[in-house]
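Reading the structure
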Amino acid sequence: MREVLEAICEQDFLSCSYGFRPGRGAHDAVRALDGAVHQGRVNWILEADIVSFFDRVDRTTLLEMLRGRIADESLVRLVGKCLHVGVIDGAEYSAPEVGTAQGSVLSPLLGNVYLHHVLDSWFDREVKPRMRGSAQLIRYCDDFVMCFEHEEDARRVMAVLSKRMERYGLTLHPDKTRLLDFRRPPPTKQSGRGPTTFDFLGFTFYWARSTRGRWWMTCKTRRGRLRRFRGVVTDWCRRYRHLPVEAQHAALTRRMTGHMNYFGVSGNFRSLQLVLEEVKRVWYKWLRRRGQHHRLTWERFRALLARFPLPRPRIVVRIWAA
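Scope of this entry: the structure provided in the associated data block. If you're wondering where the values come from, they're calculated on a predicted model, not measured in any experiment. (Residues numbered from 1 in each chain as written. Predicted model: local features only at pLDDT ≥ 70, side-chain atom pairs only at ≥ 80, totals over all residues. Heavy atoms only, no water.)

1. Some remarks on the packing of aromatic side chains
Here the structure, examined in full by the defined rule, presents 17 aromatic pairs. With 6.3 Å between their ring centres and 50 degrees between their planes, Phe-53 and Tyr-114 make a pair best called tilted. Placement of the pair is Phe-53 in helix α3 (residues 53-56) and Tyr-114 in helix α6 (residues 107-127), with a sequence separation of 61 residues. By the burial criterion, Phe-53 is buried, and Tyr-114 matches it. (Phe/Tyr/Trp six-rings, centres within 6.5 Å; stacked < 30°, edge-to-face > 60°. Helix = DSSP H or I, 4+ residues; strand = E, 2+ residues; numbered from the N terminus. Buried < 20%, exposed > 50% of the residue type's maximum accessible area, 1.4 Å probe, protein only.)

2. Some details on the sheet that holds strand β9 (residues 215-221)
On the basis of which strands lie adjacent, the open sheet formed by three strands has the order β7-β8-β9 and antiparallel pairing. Here the strands that pair on one side only, and so sit at the sheet edges, are β7 (193-200) and β9. Ignoring strand direction, the axes of neighbouring strands in this sheet form an average angle of 30 degrees. Bridge analysis of β7 against strand β8 (residues 203-209) gives five bridges, and the strand direction is antiparallel. Bridged to Arg-193 within β8 is Ala-208. Seen against the sheet, helix α2 (residues 26-38) touches β7, β8 and β9 and runs at an angle of roughly 155 degrees to β9. (Pairing = 2+ DSSP bridges. Axes fitted to C-alpha atoms, helices over the stretch in contact; angles between N-to-C directions. Contact = heavy atoms within 4.5 Å.)

3. A look at the packing of α6 against helix α7 (residues 151-167)
With their axes 11 Å apart at the nearest point, α6 and α7 run at an angle of 140 degrees to one another. The angle between α6 and α7 falls in the class oblique. Considering how the two elements wind past one another, α6 and α7 form a crossing that is right-handed. Residue-level contacts link His-117, Val-118, Leu-119, Trp-122 and Val-127 of α6 to Val-157, Val-160, Leu-161, Arg-164 and Met-165 of α7. Residues that form the contact of α6 with α7 fall into these classes: eight nonpolar, one polar and one charged. (Parallel < 35°, antiparallel > 145°, perpendicular 65-115°, else oblique. Left-handed = near helix turned anticlockwise from the far one by under 90°. Nonpolar A, V, L, I, M, F, W, Y, C, P; charged D, E, K, R; others polar.)

4. Describing the sheet that holds strand β1 (residues 44-49)
Here we have four strands laid out as an open sheet, ordered β4-β5-β1-β6, and antiparallel in their pairing. Every other strand in the sheet has two partners, leaving β4 (135-140) and β6 (178-181) as the edge strands with one partner each. Here the average twist between neighbouring strands, direction ignored, is 20 degrees. For β1 and strand β5 (residues 143-148), the ladder comprises six bridges, and the chain directions are antiparallel. Within the sheet, the bridge partner assigned to Ile-45 lies in β5 and is Cys-147. On the sheet, α6 packs against β4 and β5 and is oriented at approximately 170 degrees with respect to β4.

Here's what the structure looks like:
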């Protein structure tokens, strides 16, 4: 059923949507953001986050959206039955009246359908024609940013965006939704960073001085994501410190490779170095606690790393425009 719905809905989705779509991903959304900024027509960023999006989707409205595109009522009824399936969490069973079932293969697609009508089409057909300057929406599922050339345009959209969301039962996070002055720093500013930063898809974006002396937008891994990854590695090393070193090395390598495959983008090399050093420190800490005799020293740990090397930081995905 997902493949049937996807074949129908993909014809309608706009190019500003990147989440859970064939041939598109988070790195493509970051490339689109980079391209918009480096065209020189992005001076204001509207950073937004929807509170518990999948838990607040109005099912009746969603089914009406599907009926506007799908003539087969039996298919729409089948989607409605999938929406009303309960969820088992451990020993607890729940059947919420709103939202889409978390973990369902249909949830990402249905979320895209909902936001296509609520946000994408509205921005493309009603907002952009009323703007004085350039305006662009970049969305990955329920995480999105809006880029504006003029402050007046940005503030007008900021004023109506929450009302648009409330009309469809959604709420913008008050702390994570903000309007930022993201103009390129003047050439006379010779060092440091730009005055503002914003977060999108696990990255923090900011202005920095390049080696050629020009200001360019770059990124680093978001602090919260680094903290979360460190917590995952610490918990794993603590729980499985009794395993053979070979097994521990293989597990840590898999986790680090997965992290670098996503966060190993242009401009983020320093964050990857920090991850490597943190994993070394955590692994050393818990290997030392495996026994009271023959405590592991740094010299012995370095010899162990020479035998079981951890993945070195590397840029996997080229993002930035030339």
